[in-house]
Amino acid sequence: MTAPVLVVAGARPNFMKVAPVLAALREEPRVPYLLVHTGQHYDERMSALFFEELALPKPDVELNVGSGTQATQTAAVLERLEAVLLEHRPRMVLVVGDVNSTLAGALAAVKLGIAVAHVEAGLRSFDRTMPEEINRVVTDAVSELLFATEESAVENLEREGVAPERVHLVGNTMIDTLQAHRERAGASRILDRLGLEPASYAVLTLHRPSNVDDPLTLSRMLGPIRELSARMPVIFPVHPRTRESLRGIPEAAGARGLRFLDPLGYLDFLRLMSESRLVLTDSGGIQEETTVLGVPCVTLRDNTERPVTIRNGTNRLGGTEPEGIRKAIDEALASGSVVPTPPPLWDGRAGMRIGHVLRGWLDA
Ligand code: UD1
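Parameters at a glance
- Residues numbered from 1 in each chain as written.
- Predicted model: local features only at pLDDT ≥ 70, side-chain atom pairs only at ≥ 80, totals over all residues.
- Heavy atoms only, no water.
- Helix = DSSP H or I, 4+ residues; strand = E, 2+ residues; numbered from the N terminus.
- Rg over C-alpha atoms; globule rule 2.2 N^0.38 Å.
- Buried < 20%, exposed > 50% of the residue type's maximum accessible area, 1.4 Å probe, protein only.
- Contact = heavy atoms within 4.5 Å.
- Areas by Shrake-Rupley, 256 points an atom, 1.4 Å probe, with all protein chains shown as cover.
- Lys, Arg positive; Asp, Glu negative; His and termini not counted.
- Charge placed at Lys NZ, Arg CZ, Asp CG, Glu CD.
- Core = buried A, V, L, I, M, F, W, Y, C linked by side-chain atoms within 4.5 Å.
- Domains from an automatic or database assignment.
- Buried area = accessible area lost by both parts, 1.4 Å probe.
- Salt bridge = Lys/Arg side-chain N within 4 Å of Asp/Glu carboxyl O.
- Near = heavy atom within 4 Å.
- Polar contact = N/O pair within 3.5 Å; in protein donor to acceptor, adjacent residues only side chain to side chain.
- 1 Å grid on protein atoms, 1.4 Å probe; cavity = no way out; pocket = protein on both sides within 12 Å on 5 of 7 lines; lining within 4 Å.
- Points joined across faces, edges and corners; volume = space filled by probe spheres on them.
- Nonpolar A, V, L, I, M, F, W, Y, C, P; charged D, E, K, R; others polar.
- Pairing = 2+ DSSP bridges.
- Axes fitted to C-alpha atoms, helices over the stretch in contact; angles between N-to-C directions.

Enquirer: Just to check I follow, could you spell out the overall build of the chain for this structure?
Expert: When helices and strands are counted, the chain shows 16 helices and 13 strands. Against the 2.2 N^0.38 benchmark of 21 Å for 364 residues, the chain shows a C-alpha radius of gyration of 20 Å, consistent with a compact globule. The C-alpha extent of the chain, read off along each of the three principal axes, is 60 × 40 × 40 Å. Here the chain holds 364 residues, and the buried ones make up 60% of them. A fraction of 69% describes how many contacts in the chain between residues 6 or more apart in sequence connect residues 24 or more apart. Of the roughly 14,800 Å² of accessible surface on the chain, 52% is carried by carbon and sulfur atoms. Here the chain contributes 39 positive and 47 negative side-chain charges, whose respective centroids are spaced 2 Å apart.

Enquirer: Honestly, the nonpolar core in this entry has me stumped. Any pointers?
Expert: One finds Leu-94, Phe-147, Leu-272 and Leu-358 to be the most contacted residues of the largest nonpolar core, which totals 57 residues. Counting residues per element, this core draws most heavily on helix H1 (residues 12–26), at seven residues. Counting the residues that make up this core, at least three belong to each of domain 1 (5–172 + 346–363) and domain 2 (184–335). With residues near it in sequence (within four places) discarded, Leu-94 still touches Val-5, Leu-6, Val-7, Val-8, Val-21, Ala-117, Val-119, Ile-354 and Leu-358. One finds Leu-218, Ile-225, Leu-258 and Ala-332 within the second-largest nonpolar core, a separate group that totals 27 residues.

Enquirer: Sorry, what's going on with the domain arrangement of the chain here?
Expert: For an interface, size is often stated in terms of accessible area lost upon the parts coming together. Considered domain by domain, the chain is made up of domain 1 (5–172 + 346–363) and domain 2 (184–335). Contact residues are listed per partner, giving 24 residues for domain 1 and 22 residues for domain 2. With both sides pooled, the region where domain 1 packs onto domain 2 buries about 1,900 Å², and carbon together with sulfur makes up 55% of that total. Counting the surface domain 1 buries against domain 2, the share from its top three residues, Arg-45, Glu-53 and Trp-346, is 29%. At the boundary of domain 1 with domain 2, the tally comes to three salt bridges.

Enquirer: Help me understand the site of the ligand, please; the structure alone is not making it clear to me.
Expert: Around the ligand, a shell composed of 19 residues is seen, among which His-41, Asn-100, Glu-132, His-207 and Arg-241 lie nearest. The contact in question runs from an oxygen atom of the ligand to an N or O atom on the side chain of His-41, over 2.8 Å. One of the backbone nitrogen or oxygen atoms of Asn-100 is found 2.8 Å away from an oxygen atom of the ligand. Bound to the protein, the ligand loses 88% of the 740 Å² it would expose on its own.

Enquirer: It is not clear to me how the side chain of Arg-301 should be interpreted in this structure. Could you clarify?
Expert: Mapped onto the elements of the fold, Arg-301 is located in the loop between strand E12 (297–299) and helix H14 (308–311). Of the residues examined, Arg-301 reaches a relative accessible area of 5% and is grouped as buried. For Arg-301, the side chain forms a polar contact with the side chain of Asn-303, separated by 2.9 Å. Within the local environment of Arg-301, its side chain forms a polar contact with the side chain of Glu-305, the two groups lying 2.6 Å apart. If we ignore the near neighbours within four places in the chain, the residues touching Arg-301 are Ser-125, Met-130, Arg-208, Asn-211, Asp-282, Gln-287, Leu-317, Gly-318, Gly-319 and Thr-320.

Enquirer: Is there a simple way to think about the layout of surface pockets in this case?
Expert: It is a probe the size of a water molecule, rolled over the atoms, that shows where empty space is left. Quantified by volume, the largest pocket comes out at close to 1,100 Å³. Where the lining of the largest pocket is concerned, the elements lending two or more residues are H1, helix H2 (44–53), helix H3 (70–88), helix H5 (131–141), helix H11 (240–246), helix H12 (266–274) and helix H13 (284–293). A class-by-class count of the residues in the lining of the largest pocket yields 21 nonpolar, 16 polar and ten charged. Lining the lining of the largest pocket are residues from two domains, each supplying at least three of them: domain 1 (5–172 + 346–363) and domain 2 (184–335). Within this model, the second largest pocket holds a volume of roughly 170 Å³. Forming the walls of the second largest pocket are 14 residues, and the residues nearest its centre are Ala-19, Pro-20, Ala-23, Asp-176 and Ala-180. At the level of secondary structure, the elements contributing two or more residues to the lining of the second largest pocket comprise H1, helix H7 (173–186) and helix H16 (350–363).

Enquirer: I tried to follow the pattern of salt bridges on my own but got confused; where do I start?
Expert: Inspection of every chain in the model, using the stated rule, returns 23 salt bridges. Between Arg-189 and Asp-192 there is a salt bridge, with its nearest N and O atoms 2.4 Å apart.

Enquirer: For this particular structure, what's the right way to read the sheet that holds strand E11 (residues 278–281)?
Expert: Sheets are built from strands that pair by backbone hydrogen bonding, the pairs being arranged parallel or antiparallel. As summarised here, the arrangement of the six strands in space is E10-E9-E8-E11-E12-E13, forming an open sheet in which the pairing is parallel. Single-partner strands in this sheet number two, and they are strand E10 (258–261) and strand E13 (315–317). The average angle at which neighbouring strand axes cross in this sheet is 20°, direction not considered. Summarising the sheet, strand E9 (residues 234–237) and E10 pair through four bridges and their orientation is parallel. Opposite Val-234, over in E10, you have Leu-258 as the bridge partner.

Structure below.
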């Protein structure tokens, strides 16, 4: 099978980001593509459910790399993807986001002389202890086409000396997916299932290695959240990485209002988030989604690579220390309802813009 474009996806947040790009490539004039799933995420609830709900096409190739250390996981994708690239010889490899599959996809391609397109290029936390920051910096350095979600990303790339004609501010494909599924998410029964009333509960997600891998750090962060759970239910869909650490802190289960769930599907989570009073998270994508939904968000990190979510959106940094988290929660709850002012081009058409640029590049 030959196709000019090979698209790589591997971890949960990748799936929402590739869906609009694949849809755009299927529009006329069609651009044939191959979809490769690296298998970085493989649980039913981390992967298959998202393919189903987002109506993603079945991957043409599955690399089944599974979990591992930073190096082994990245190396497994590199090695297996190289063989696929040699067989299919695409002209361009498209990668999204900042996960290990993104980095490995970009490296495997560029080393074979295949051009790389990066969706969500240019975001910088300036914190090189984050594996994602390394993935972003390296992927952008070897990319031919860089698709940016926000103006700060364009400025970062300019500062790093990337030629301006390679950078395209196109908007946010994750928001394309949000807008395309908002109505369907409205039919989710998740609130009934959990016995929740709109605007009366908080949602929590945590999965950054620096927050969750050490049970002591995680336990400290959960302190102010357990206090919040005395005031309103806190719904906590637990990422597999975090589940491991929680075993080490049995007291976390002691707070009655803090409710642990398995990871949720896209539609249930979107509904849960949309109707919540407050979201607490260390995810990048959720900072963006709450910005568009107009739901107050406290980011449980010291920095964000997505400053537009603070400037235009409902996001505030709570840090990772109990005092800061407590203060940010109070401020967020006092902030009242917010009318969303989405950042420029977060209008549901980012995938189409990317499709347009890719066609131009392939024709040139
Ligand atoms: C990865 C990304 C992170 C992204 C996150 C979204 C990197 C460096 N990090 O982090 O940027 O925000 O995905 O979820 O790529 N596991 C399962 N089942 C799965 C997948 C993982 O049980 O389907 C467990 C395994 O024990 C694994 C751990 O979760 O070791 C971590 O998975 P991994 O893909 O290494 O990183 P994430 O923490 O998910």
